[in-house]
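The residues making up each chain are set out below.
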Amino acid sequence: MPTYWYNILADLPEPLPPPYDPDNGKRLELLKQVIPSEPLRLEFSTERFVKIPEEVLERYLQVGRPTPLIRARRFEEYLNAPVGFT
């Protein structure tokens, strides 16, 4: 079970531009009112690995994966790049 999420933002060659708001910040302020602060913090974080909150880990264990993982063998063959699992 993973305990950290990988955040691709940390590995981008340059940071993403700030969100565009044509209403002079009104939409971003509305977003802050509608979405809890923790998900917003995670959305804009530049940490490479973000610790998964305990509550979420507990739910992962209770619910399980909604769909099974299926190895894409033909895709690997097409790319000529087998992926090894250990």
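In this text, all values refer to a predicted model and were calculated from it rather than measured experimentally.

Participant: How do you make sense of the side chain of Glu-76 when you look at a structure like this?
Facilitator: Among the secondary structure elements, Glu-76 is positioned in helix α4 (residues 73-79). The residues contacting Glu-76, other than those within four sequence positions of it, are Arg-71, Ala-81, Pro-82 and Val-83.

Participant: Would you mind showing me how to read the confidence of the model for the protein chain here?
Facilitator: In low-pLDDT regions, the fine details of the predicted coordinates are not to be read closely. Chain-level statistics for the protein chain give a pLDDT mean of 85 and a share of 97% at 70 or above. Helix α2 (residues 37-43) is the least confidently modelled element of the protein chain, averaging 84 in pLDDT, while strand β2 (residues 49-51) averages 93, the highest of any element.

Participant: Hey, could you run me through the layout of surface pockets in this one?
Facilitator: Regions of empty space are outlined by a rolling probe, equal in size to a water molecule, passed over the atoms. Of the voids in this model, the largest pocket is the one considered here, and its volume is about 210 Å³. Every residue along the wall of the largest pocket is listed here: Leu-9, Leu-12, Glu-14, Pro-15, Leu-16, Pro-17, Pro-18, Pro-19, Glu-43, Phe-44 and Thr-46. Residue classes in the lining of the largest pocket are distributed as eight nonpolar, one polar and two charged.

What counts, and where the lines are drawn
The numbering scheme is per chain: residues are counted from 1 as the chain's sequence reads. Reporting of local features is limited, given that this is a predicted model, to residues whose pLDDT is at least 70; pairs of side-chain atoms are given and counted only at 80 or more, and all residues count toward the totals for whole chains, interfaces and linings. Each side-chain value is worked out from all heavy atoms of the structure, with water and hydrogens disregarded. Numbering of helices and strands runs from the N terminus; a helix is a DSSP stretch of H or I covering at least four residues, while a strand is a stretch of E covering at least two. A contact between two residues is defined here by any heavy atoms of the two lying within 4.5 Å. What pLDDT expresses is the predictor's confidence in each residue, scored from 0 to 100. Here the term cavity refers to a set of points on a 1 Å grid, laid over the protein atoms alone, in which a 1.4 Å probe fits but cannot get out; the term pocket refers to an open set having protein on both sides within 12 Å along at least five of seven lines, with lining residues being those that place an atom within 4 Å of a point. Grid points are joined across faces, edges and corners, and a volume is the space filled by probe spheres set on the points. Under the convention adopted here, Pro, Cys and the residues Ala, Val, Leu, Ile, Met, Phe, Trp and Tyr are nonpolar, Asp, Glu, Lys and Arg are charged, and Gly plus all remaining residues are polar.

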